[in-house]
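Read off the chains here:
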Amino acid sequence: MKKWEYMVQQVSGLLCSSNSEHKGKLDEYGKEGWELVSVCCEGQFTFAYFKRPNE
């Protein structure tokens, strides 16, 4: 059975712009094995949810 670990990051403007700073951070997380699975807005805050296999 595959096991996962999760990470939640608060971000600002992720959905509103093509900011290269956000792209760079997402690329960095991808190289570390993190997969972006969801982005949720809660009031004025935006959260990005990631998962990766827990080995």
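Asker: Would you mind going over the environment of L36 with me for this structure?
Answerer: Looking at the element boundaries, L36 is found in strand β2 (residues 35-42). For L36, a relative accessible area of 38% puts it in the partly exposed group. The spacing of L36 and K51 is 15 residues in sequence and 6.8 Å in space, taken between C-alpha atoms. Apart from residues no more than four positions distant in its own chain, L36 is found in contact with L26, A48, Y49 and F50.

Asker: Sorry if this is basic, but what is going on with the nonpolar core here?
Answerer: One recurring pattern in soluble globular proteins is that nonpolar side chains are buried together. Core analysis: the largest hydrophobic core is formed by 5 residues, namely M7, Y29, W34, A48 and F50. Ignoring sequence-local partners within four residues, the contact set of M7 consists of Y29, W34, A48, Y49 and F50.

Asker: Help me out: how do you make sense of the sheet that holds strand β3 (residues 45-53) in this one?
Answerer: Within a sheet, neighbouring strands are paired by backbone hydrogen bonds and run either parallel or antiparallel to one another. Pairing is antiparallel in the open sheet, where 3 strands are placed in the order β1-β3-β2. Of all the strands in the sheet, the pair left with one neighbour each is β1 (4-11) and β2. Looking at each pair of strands side by side, their axes are set apart by 20° on average, direction ignored. Bridging between β2 and β3 involves 7 bridges; their strand directions are antiparallel.

Asker: What am I meant to see in the side chain of T46 here?
Answerer: Note that T46 resides in strand β3. Once you skip the residues sitting within four places of it in the chain, T46 turns out to touch Q9, Q10, V11, V39, C40 and C41.

Asker: How should I be thinking about the packing of aromatic side chains in this particular structure?
Answerer: Pairs of aromatic rings are described using the distance from one ring centre to the other and the angle between the two planes. Evaluation of the coordinates by the stated rule reveals 2 aromatic pairs. Relative to F50, the ring of Y29 lies with its centre 5.0 Å away and its plane at 70°, an arrangement referred to as edge-to-face. Residue Y29 is located in helix α1 (residues 20-31), and its partner F50 is located in strand β3; the two are separated by 21 residues in the primary sequence. The exposure classification of Y29 matches that of F50, with both residues buried. Ring plane angle 40° and centroid distance 6.5 Å describe the contact between F45 and F47, whose orientation is recorded as tilted.

The rules behind these values
All residue numbers refer to position in the chain's written sequence, counted from 1. Note on the predicted model: pLDDT of at least 70 is required for a residue's local features to be given, and 80 or more for side-chain atom pairs to be given and counted; whole-chain, interface and lining totals, by contrast, use all residues. Side-chain numbers here rest on the full set of heavy atoms in the structure, without hydrogens or water. Each helix is a run of H or I in the DSSP string that is no shorter than four residues. Each strand is a run of E no shorter than two, and both are numbered from the N terminus. Exposure categories follow from relative accessible area, calculated using a 1.4 Å probe and restricted to protein chains: below 20% of the type maximum is buried, above 50% is exposed, and the middle band is partly exposed. What makes two residues a contact is simply this: any of their non-hydrogen atoms within 4.5 Å. Buried Ala, Val, Leu, Ile, Met, Phe, Trp, Tyr and Cys residues that are joined via side-chain atoms within 4.5 Å together make up what is termed a nonpolar core. For two strands to be treated as a pair, DSSP must find at least two bridges joining them. Lines fitted to the C-alpha atoms define the axes, with helices restricted to the stretch that makes contact. Angles between their N-to-C directions range from 0 to 180 degrees. To pair, rings of Phe, Tyr and Trp, with the six-membered ring standing in for Trp, must have centres within 6.5 Å; the planes then decide the type, stacked if under 30 degrees apart, edge-to-face if over 60, and tilted in the middle.

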